[in-house]
Each structure stands twice: as structure tokens, then as C-alpha cells.
Amino acid sequence: MKNKFVLFFLVLLFFLSAISFSYAQTAQDGKKAVVFILNRVAIDDFLNVNLKNINKMIENGTYGLMTVNADGGRSLESVFMTLGTGTRAVGSNGASLNFNTWETYNHELASTIYERNTGKIPSEGQILNLDIAQIIRNNSKRNHIIRPGLLGDKFKDSGLNVAVFGNEDTDVDYKRYAPLIGMNYRGIVPYGDVSYMTNKRDQLMPYGLSTDYDTMYKEYLNIKDNVALTIFDLGDTARANDYQNSGLDKINKENKEKALRNADEFIGKILRSDSGNTLFMIVTPLPPSQKMGQNDFLAPVVMYGNGIAKGKLITSDTTKRMGVVTNTDLLPTILTYFGLDVPAFVTGHNLYSSDVNGDLMKLENLEKQLTFNYTYRPYFLKTYVMLQIFILILSLVILLFFKEYSTLVKPFLLLIPIMPISFLLLPLFDYTNIVNSVLGIVVVSAVFTLVTYKLAKKSSFRYFLIAAFTAAILMLDMLTGYNLLKNSFLSYDVIAGARFYGIGNEYMGIFIGAVLCFPLLSFETFRNIDKRYLIFANILIYIIVLYFIASPSLGTNVGGGIAAFAAFSVASMYLFGKKLNIKNILFVGGSIVVLLFLLFYVDSLRPVSEQTHIGQTFNLVKNNGIYPLIQIFARKISMNLKLFKYSVWSRALVTLVLVLFVLFYKPVGALKKILNERKFVYISFLSTVVGSIFALVFNDSGVVAAATTMVYAVPMLIDIIIDENKFIKE
């Protein structure tokens, strides 16, 4: 009964932790929005070129960095599709083939080609995507819901109009991507001009072309009163970027600066024509090619005008970070601004002003830091994993064949659980260069190893100290804004964009492994304390850590919550003298199902702008049936298979399992004796294995979580076996 009461209490606490209240939003009439596509520019361009109108928007608006990920890679067609769908999308080879009805393509009228491809007769004045059929097909094959033309459909259904002006054409290629943002499902934008008429001949500009801002401005004035959303593609910056291989560096710089100044002048004219009820945005779909070649995949975004706070960093509930948002946030921002519903399958959230004052220089430094993390993170992680594998195999070989030297490997075994502390604490120092980072990790790891080894004589107490310190630092960081987790090499990566907040799978596994280690080792460390108090302390720690991992307001890691719940339940059962049997396994499994339902349901009650992916998933299934859930599971399985095949973490997991397998048989009787005689070491080991299995099954990158969960149990067992050398048979 006791263990059932504990499990019920865990579920109840989990339910209570997620509760919040929702509120309704109402639409407001008379609003307008203008989006300036300023492609292939960077934050330092705003710093280095005198752009008075853009600077006005920055100083009196909100701004920041935007990730530029898409489902089809960082190609122009896929990134523009992502901007218009609110979730990672793909384009097609012909996605840029957008034409006004009266234009010709391959000597045929665009309207004729469109009718032949779709069976629909377009109306005069529309902009037509000639490859909409392939775009729809490509997106239907992805493993999540993507609705091409979502923004255009939402506006059409609400009686609002969209217009698109401008292009990024060269003298040989049609590069008309902006309509991908504003088109509807049929590939139509009702108003605008993306034809060659929006360009003019300019022999000294890239490709002999420049944007005809006078023509675009006149056309805009003619339709602005009938259009709610206008999208301008200010194509000169894109052409300057694409032409850079042909021009000298000096010429390329002059071309870009001229393109920026001309765009800034046009933006000023549009700003001056505003009646005061317009939201203005500058959006950069992709940064300059040179930046992308340096692994900098962050682009500037600016909001200004109606309802926007002055001089603040931008944020969204997608990232929950100051100054960093995603390209999936554009669509929900526009829909929310006009009071339109955001579908559950949209992964982005509304952009808004944070309470942090903006600073372009600091934002540029943040960009450099995030780029540094993205560039060097794989190298640091690979080094750590390979070192871990080497230490485990070396320890096993010495233990089996040179056991008289086995005590020499004990400090190296401690490095396996200590290095995650070094990675976690590194952001406290200046680590944005490779030398400082390497020195920082080496020094911190060496100091912690030396102090722990000297401070504690017993092996179990060393691991108790390391695990307790790691768990305490993680909890403190989660309570104080994730300043360490957001910047650690061993945590998630903002530019890659898999996770932006909460606890990632690397440290989730480490957190669970630590909490399955130090509370149970407390029974060996504090032998004079009444076991009832220690049991109570263990259960309390499990409840608190479960809350930290799974709560939408903290860890926001559903897979981690499942793994933690399963592992903590097994540990709790054994603490109360129970065993794993069919009845108890079914009870734990049923409790997990109830826990998941409550967590998903309660988070879904929160406002859409505040929901995590937990609540969004619930609404997705509620609105679209079971198929999205199947897609999610398929995506998780696909990701784990990919990671197992290519990720270095799979090598770590295989090594950990292999070492455990060998230890069960060699040295003969050693591991069996330890597990039989040291009850709490056995509970720690068994619950860690359970947690690792559940982490593997229920996470996108389960291979990573499963491997990090075991960084305490396996080295600790080897360490204890070394201490028990006198019992090992020859």
C-alpha cells in the first residue's frame, strides 16, 4: 500500500504542477501590417551602415535574432515556406516561380500554365505559384502536419487581403520567394506585383538590376487601403549577396551598402505613409552567405509600430529567450495581431517585446557566442564521449588482466561523472574561444577530481558527493533562469533549434542518474540516521526532481518525466521492501498513462501563446485525430535510429552495456557479491537501468539520454569492484 500511495502522490503533484488559467483574445478591426523582406543581411550591417529609418525602428521597437531552420534544410524555398506556415516546411525546385497573371514563362502566359497545372482559372491581378502542386506533395510527405498557404487561407477566410511586391530576380533566374509567405493553399496571392516591373536596369548594380522602389511605392499607395498585410521583398540586398563571387571585395561592400541605403530610404517612405495603426516588421529569411559559411545561421528581425514597446529585445514562447526567436514565429505573430486563430499544428508562437533593454552590440556578442557553441559543440561532446569509452575499456582491461594496478584508474573513472559539471560551469567564465574552453574544462575537471578524491576515502561517498553537487547545481540553475543550461556545450543548441528552454536530454539523463545515485548512497553514508527518515528524504527528492524535469514551467521534458517516474517508482518500491512483479509493473505503467494524460490536458488549457509542445500535442490530437500522434512516434523512432547509426552517443551506450555485461561474469562473483551485499547500491543500479531504458524509448534523442543516465552507475560499480579486489577469484 505504501508504494501505491507514493505513486499516487507523485501523479497528483504532477497534475497540480501544471495547472494554470486561460484567457480569451478578441480581434481588433482596422489594423494593418507591413513586412519588409531584407534578405541576406546581418546585425553588424545595422551597426556599420548609417540607416536612419531602420535605426528608428530598432530604437523605437523590439528586435533580436531569428533562427532560419526549415524541414528541407536552409534553402531559400524551404525557409520562405516555413515563414508562411508556422512550422518547419519544404519548398520545391520550382517554388520561386511566382508570376503575375499577365506575365509569360517559357513563352506561355502564367495564367495558362497555372490553369493547366491546377484546373483553376485565376483572376486578373493575382500572383500565381506555378509549382504549387509539387509544393503540396513535398510537404504532405513530411512526418508532421504542414499546411502550405496557411497564412493566405487564414486571411481569405477572414475577409482580409494580402499583397506582395518585389523580387530577388537576377538576369538569368527567377527568384520570387516572398509570395510563398502570403499565398493561399491554391498558390495565389490576391494583390501585388512581383514582375520584372518592380526592377529597373542599373548597369553598375549586381546583374545590372536594382529594385524600382518608385514603382513599388506607387502601386502600394493604390491598394494599401484594401489590403491588411503587405509584404515587400527588397531584393537588392539578396542580389548583392549572390553577386559577391563576381565582384572585388571593395565592390561587393559598396554594392551591399548601396542596397541597404536604398532599402532604408524606401522603408522611411512607407513609415511616413502610416496612419498609426500599422505593425511594421523587418524579416531576414537567411543571413549572408559568408556568415552561413562560418556556421552563423542567425538573422535579424525587427518589430515596430502599433502596440510595440520601445527599444526592447524581442522574444517568443517558442524560445523563452531574450533576443532569440524562430522563423516559425512570424505566422502566429501576424495571425495573433489580426485576432485570427493559430492552428494547433503550428509550432511557432507570437513575437512580443521582452522587458530587457536592447543593445545591438550585446546582440552581436550573443550571436557570436551562439555561433561558437554551434560550431564547437560537436567536437567537445565527441571528445567527452570518446574519453568516456576509453576510460571504461581501459578500466575493464586493467581490472581483468592487471588488477594489481586497478587503483590507478579510480581518479579517471571519476572524470566520467565530473566532466558534465565542468561543461555546466563553463559559461560562468569567458569561454568564447577554443583555448579558454579547453583550459576551463580541463582545470575544472582536474580540480573537482582532486578535491573529491582527497575529501572522500570511500568510493561510494565520492559518487555521493559528485551526484549531489550536480543535482543541486542543475536545480539551482533551473530556478534562476537556465543561465548555465542555455549555454553549456552538453546542453541544447539554439541554432540547431531542437530545444530552446527547459532541460535537454543530455542533462536530463545526468539529472536522473545523479538522483538515482546520491539519495540511495545516503543510506551507506549516514548509517546512524534512522532509515525511515532517509526513505522519506529519498521519496521527497524523487517528487521534487520529477516536478523539475516534467513541469511545463521548468524542465518541460515529457520523455524525461516518463523515464524519471519509472526509475523513481522502481527505487521507491525497493525502499519499501517490494519487488518488481507483473502487478507492480502494470501499476507503474497505468500511472504513467494517467500522468501523461493529465500533463498534456492541463497544459492544453493554457493560452496558446503560453503552451509548451506538451499542450500543443494534446490539441493537435484533439483537433486532427490520432494520426499526428503516430507521426510523432514515427519521428521519435526515426530520430533514435538515425542517432544510433551516426551519433557518437550510441558508441557510449554500447560501451556502457558491454562493460556491464562483462562485469556480470568477470571477475567471477565480484559484481554479484556487491549487489547482494550492498542493497542500496543494487537499488541504484537497477533503477538506473530502468530509467535508461525508458529514456531510450520515450525521447527523440533517447540514445543520448540513455547513455548519460548511466554515467554514475557504471563507473561507480567498477570503482567498488576495484575496492573489493580481495574477493575477486584468480
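Figured I'd write up the structure that's included with this text. Every residue gets a number counted from 1 within its own chain, in the order that chain's sequence is written. Whole-chain, interface and lining totals are the exception, using all residues; otherwise, since this is a predicted model, local features are given only for residues with pLDDT of at least 70 and side-chain atom pairs are given and counted only at 80 or more. Only hydrogens and water are set aside; all other atoms, that is, all heavy atoms of the structure, feed into the side-chain values.

What to know about the packing of helix α3 (residues 52–59) against helix α11 (residues 249–272)
What counts as an axis is a line fitted to C-alpha atoms, over the stretch in contact for a helix, and the angles between N-to-C directions run from 0 to 180 degrees. For the purposes of this entry, the term helix denotes a DSSP run of H or I that reaches at least four residues, the term strand denotes a run of E that reaches at least two, and both are numbered from the N terminus. Axis separation between α3 and α11 bottoms out at 7 Å; the angle between their running directions is 60 degrees. With respect to α11, the element α3 is oriented oblique. Where α3 approaches α11, its residues Lys-52, Asn-53, Ile-54 and Met-57 are matched on the opposing element by Asp-264, Glu-265, Ile-267, Gly-268, Leu-271 and Arg-272. Here the residues of the contact of α3 with α11 are counted per class, giving 4 nonpolar, 2 polar and 4 charged. Note that the term roughly parallel is reserved for angles under 35 degrees, roughly antiparallel for angles over 145, roughly perpendicular for angles of 65 to 115, and oblique for everything else. By the convention used here, residues are in contact when the closest approach between their heavy atoms is within 4.5 Å. For this classification, the nonpolar set comprises Ala, Val, Leu, Ile, Met, Phe, Trp, Tyr, Cys and Pro, the charged set comprises Asp, Glu, Lys and Arg, and every other residue, Gly included, is treated as polar.

Describing helix α17 (residues 459–479)
The end-to-end C-alpha distance of α17 is 31 Å, a good match for the 30 Å that 21 residues give at a rise of 1.5 Å each. A positive phi of about 105 degrees marks Gly-481, the residue just after α17. Take the number of residues in a helix, subtract one, and multiply by 1.5 Å to get its expected span.

Here's the deal with the pairing of strand β1 (residues 32–37)
A 1.4 Å probe rolled over the protein chains alone gives each residue an accessible area, and that area as a share of the maximum for its type sets the label: buried under 20%, exposed over 50%, partly exposed in between. Extensive coverage of β1 is indicated by the burial of 6 of its 6 residues. Alternating positions in β1 separate into two faces, Lys-32, Val-34 and Phe-36 on one and Ala-33, Val-35 and Ile-37 on the other, with burial throughout. Two elements, β1 and strand β13 (residues 278–283), share 6 bridges in a ladder whose sense is parallel. Considered in β13, the bridge of Ala-33 is made with Leu-279. Should DSSP find at least two bridges between two strands, the strands are regarded as paired. Relative to strand β12 (residues 229–233), β1 is paired through 5 bridges, and the arrangement is parallel. Directly across from Val-35, in β12, lies its bridge partner Ile-231.

Some remarks on the pattern of salt bridges
By salt bridge we mean one thing: a side-chain nitrogen of Lys or Arg within 4 Å of a carboxyl oxygen of Asp or Glu. Enumeration according to the criterion identifies 19 salt bridges in this entry. Across the pair Lys-291 and Asp-44 runs a salt bridge whose closest N-O atoms are separated by 3.0 Å. Here Asp-44 lies in helix α2 (residues 43–48) and Lys-291 lies in helix α12 (residues 289–293), a separation of 247 residues in the sequence. Of the residues examined, Lys-291 reaches a relative accessible area of 17% and is grouped as buried.

Some words on the packing of aromatic side chains
Each aromatic ring pair is specified by the distance between its two centres and by the angle formed by the two planes. Side-chain rings of Phe, Tyr and Trp, where Trp is taken by its six-membered ring, are said to pair if the distance between their centres is within 6.5 Å; with planes under 30 degrees apart they count as stacked, over 60 as edge-to-face, and otherwise as tilted. Considering all chains together, one arrives at 32 aromatic pairs under this definition. On the numbers, 6.3 Å between centres and 5 degrees between planes, the contact of Phe-36 with Phe-280 is stacked. Taken together, the residues Phe-36 in strand β1 and Phe-280 in strand β13 connect sequence positions 244 residues apart. On the basis of an interplanar angle of 25 degrees and a centroid distance of 4.9 Å, the ring pair of Tyr-213 and Phe-266 is categorised as stacked. Of this pair, Tyr-213 sits in helix α9 (residues 213–223) while Phe-266 sits in helix α11, and the two are 53 residues apart along the sequence. Summarising the burial analysis for this pair, Tyr-213 and Phe-266 share the class buried. Three or more aromatic residues link up through ring pairs in this structure, and these residues are Phe-36, Phe-165, Tyr-213, Tyr-220, Phe-232, Phe-266, Phe-280 and Tyr-304. Its end group placed over the ring of Tyr-217, Lys-269 keeps NZ or CZ at 4.2 Å from the ring centre. Note on geometry: a ring has a charge over it if NZ (lysine) or CZ (arginine) is within 6 Å of the ring centre and within 35 degrees of the ring normal.

These results come straight from atomic positions and should not be treated as a statement about function.
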